[in-house]
There are 2 protein chains.
Amino acid sequence: MKQISTRFSIAVHTLSLIAVSPNDCTGDFIAGSVNTNPVVIRRIMGMLKKAGLVDVRPGVGGASLLKDPSQITLLDIYRAVNVTEENQLFRIHENPNIRCPVGRNIEQVLQAELRDAQSAMEQRLAQTTLADLIGRFT
Amino acid sequence: MKQISTRFSIAVHTLSLIAVSPNDCTGDFIAGSVNTNPVVIRRIMGMLKKAGLVDVRPGVGGASLLKDPSQITLLDIYRAVNVTEENQLFRIHENPNIRCPVGRNIEQVLQAELRDAQSAMEQRLAQTTLADLIGRFT
DNA sequence: CTTAGAAGTAACTAAAATGGTTACAACGGT
DNA sequence: ACCGTTGTAACCATTTTAGTTACTTCTAAG
């Protein structure tokens, strides 16, 4: 089955690190904690930057949060790294046979259901903030 | 972003067809309504069969539901076609640095949140039955 | 018993997404 | 000016899909 990219969990990890140790958070340092290649971190940092969650300084290095951890939800992070795809968790097969009653209506009927299901997941993500997570890294 | 396979929507389409026209539901007929290759349908039918949702008869052909449409939820179908993967919608990066407080705890903390989010989506899918959908194919 | 039609399945392919990697340009304090 | 860092481009191996061809197996009808 298809799974949601580790970009999401890496982004949460990255933001947690920045929140916990505001100093020394270079891409290489974060990559060391995540245990991956620094370029992977830079790519994700670029998405977080574009989403307005972090400020990254070229040259000198180091990142800082642009919002308080209590104001950043998992949904914010999820949306930041799931680029380019607007809103579609589920795919629906295309071009069903419109001469068939089922084929003619399946897309519209299913889309409403799947949108609701996706929304249920996202609303759950919106309930947890970065601050909530940090509190559990005892 | 990764999306959930069209296997799911095709499976819903397939079961709807079987429920609406219990006769003549051969793989080729279903493939004609879905507008894909018959082998794709046979593969999905095999999964639905293994999940105990349909009975398919080799030789003569034709499929029939093993449960009433009001007893088949979208979650049942979702689970039937998302084979082999047990329960993981989200992936979490592996082998974080355990010498880092964040790296040491991120997996456990995140896993609880993501499980809840996935569960929220699945519970929404469980609220809709095949009978609900069929009623909308006017 | 034979045959036609259908399911079951293996094997191959193209396309897309992912995550890792190397390489290099651009930037900015010290 | 230098050094460490960010920002990207380019490339690659792996995985997942979904479509396709081809072949075997099965069952009912003739």
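Refer to the preceding data block for the structure.
Heads up: these notes are all about the structure in this document.

Definitions and cut-offs
Residues numbered from 1 in each chain as written. Chains lettered and ligands numbered in written order. Predicted model: local features only at pLDDT ≥ 70, side-chain atom pairs only at ≥ 80, totals over all residues. Heavy atoms only, no water. Helix = DSSP H or I, 4+ residues; strand = E, 2+ residues; numbered from the N terminus. Rg over C-alpha atoms; globule rule 2.2 N^0.38 Å. Contact = heavy atoms within 4.5 Å. Areas by Shrake-Rupley, 256 points an atom, 1.4 Å probe, with all protein chains shown as cover. Lys, Arg positive; Asp, Glu negative; His and termini not counted. Charge placed at Lys NZ, Arg CZ, Asp CG, Glu CD. Axes fitted to C-alpha atoms, helices over the stretch in contact; angles between N-to-C directions. Parallel < 35°, antiparallel > 145°, perpendicular 65-115°, else oblique. Left-handed = near helix turned anticlockwise from the far one by under 90°. Salt bridge = Lys/Arg side-chain N within 4 Å of Asp/Glu carboxyl O. Buried < 20%, exposed > 50% of the residue type's maximum accessible area, 1.4 Å probe, protein only. 1 Å grid on protein atoms, 1.4 Å probe; cavity = no way out; pocket = protein on both sides within 12 Å on 5 of 7 lines; lining within 4 Å. Points joined across faces, edges and corners; volume = space filled by probe spheres on them. Nonpolar A, V, L, I, M, F, W, Y, C, P; charged D, E, K, R; others polar. Near = heavy atom within 4 Å. Polar contact = N/O pair within 3.5 Å; in protein donor to acceptor, adjacent residues only side chain to side chain.

**Comments concerning the overall build of chain A**
At step 1: Along the backbone of chain A there are six helices and two strands.
At step 2: Secondary structure elements in chain A, listed N-terminal to C-terminal, are α-α-α-β-β-α-α-α.
At step 3: In summary, chain A has a C-alpha radius of gyration of 19 Å against a globular reference of 14 Å for 138 residues, an excess of more than 25%.
At step 4: Taking the principal axes of its C-alpha atoms as reference, chain A extends roughly 65 × 30 × 25 Å.
At step 5: Across chain A, the fraction of contacts at a sequence separation of at least 24, relative to all contacts at a separation of at least 6, is 63%.
At step 6: Of the accessible surface of chain A, which amounts to about 6,700 Å², a share of 46% is contributed by carbon and sulfur atoms.
At step 7: The positive charge centre, built from 15 side chains, and the negative charge centre, built from 13, are 5 Å apart in chain A.

**Comments concerning the packing of helix α1 (residues 7-20) of chain A against helix α5 (residues 101-125) of chain B**
At step 1: Viewed as axis vectors pointing N to C, α1 of chain A and α5 of chain B meet at an angle of 125°, and their least axial separation amounts to 11 Å. Between α1 of chain A and α5 of chain B, the interaxial angle falls into the category oblique. When the axes of α1 of chain A and α5 of chain B are compared, the crossing they make is right-handed. Across from Phe-8, Ser-9, Val-12, His-13, Ser-16, Leu-17 and Val-20 of chain A in α1 of chain A, the residues of α5 of chain B making contact are Val-102, Gly-103, Ile-106, Leu-110 and Leu-114 of chain B.

**Describing the pattern of salt bridges**
At step 1: The tally for this structure, following the rule as stated, stands at eight salt bridges over all chains.
At step 2: Among the salt bridges present, the one from Glu-122 of chain A reaches Arg-79 of chain A, with a minimum N-O distance of 2.7 Å. Here Glu-122 of chain A is found in helix α5 (residues 101-125), whereas its partner Arg-79 of chain A is found in helix α4 (residues 74-81), with 43 residues between them in sequence.
At step 3: Overlapping salt bridges bring together Glu-113 and Asp-116 of chain A together with Arg-124 and Arg-136 of chain B as one network.

**So, helix α4 (residues 74-81) of chain B**
At step 1: In terms of residue burial, α4 of chain B counts as a mostly covered element, since six of its eight residues are buried.
At step 2: Turning to α4 of chain B, its buried residues number three or more, namely Leu-74, Leu-75, Ile-77, Tyr-78, Ala-80 and Val-81 of chain B.
At step 3: Lining the buried residues of α4 of chain B we find α5 of chain A together with α1 (6-20), α3 (38-50), α5 and α6 (130-134) of chain B.

**Looking at the layout of surface pockets**
At step 1: Estimates place the volume of the largest pocket at around 300 Å³.
At step 2: What lines the largest pocket is a set of 15 residues, among which Gln-88, Phe-90, Arg-91, Ile-92 and Gln-111 of chain B lie closest to the centre.
At step 3: Classifying every residue of the lining of the largest pocket gives four nonpolar, seven polar and four charged.
At step 4: Empty space within the second largest pocket amounts to approximately 250 Å³.
At step 5: Looking at the second largest pocket, it is lined by 13 residues, and the ones nearest its centre are Gln-88, Phe-90, Arg-91, Ile-92 and Gln-111 of chain A.

**Re the protein's contact with DNA strand C**
At step 1: In the vicinity of DNA strand C there are 28 residues, among which Ser-5, Thr-6, Thr-36 and Gly-59 of chain A together with Lys-49 of chain B approach most closely.
At step 2: The protein-proximal atoms of DNA strand C, defined as those within 4 Å of the protein, are 60% sugar or phosphate.
At step 3: Within the side chain of Arg-7 of chain A, a nitrogen or oxygen atom sits 3.4 Å from a phosphate oxygen of DNA strand C.
At step 4: Between a phosphate oxygen of DNA strand C and a side-chain N or O atom of Lys-49 of chain B, the distance comes to 2.6 Å.
At step 5: For the surface near DNA strand C, the elements supplying multiple residues, two or more each, are α3 (38-50) of chain A together with α3 of chain B.

**A short note on the side chain of Thr-129 of chain B**
At step 1: Note on placement: Thr-129 of chain B falls in the loop between α5 and α6.
At step 2: Those residues within four positions of Thr-129 of chain B in sequence are excluded, and the remaining contacts are Pro-69, Ser-70, Ile-72 and Thr-73 of chain B.

**A closer look at the protein's contact with DNA strand D**
At step 1: By nearness alone, 28 residues border DNA strand D, and Arg-42 and Lys-49 of chain A together with Ser-5, Thr-6 and Thr-36 of chain B come closest of all.
At step 2: Those atoms of DNA strand D that come within 4 Å of the protein belong to sugar or phosphate at a rate of 55%.
At step 3: Contacts to DNA strand D include Lys-49 of chain A, whose side-chain N or O atom sits 2.7 Å from a phosphate oxygen.
At step 4: Contact distances for DNA strand D include 2.7 Å between a base nitrogen and a backbone N or O atom of Gly-59 of chain A.
At step 5: At the level of secondary structure, the elements contributing two or more residues to the surface near DNA strand D comprise α3 of chain A together with α1 and α3 of chain B.
At step 6: Partitioned by chemical class, the residues of the surface near DNA strand D number nine nonpolar, ten polar and nine charged.

By themselves, these figures tell us nothing about what the structure is for.
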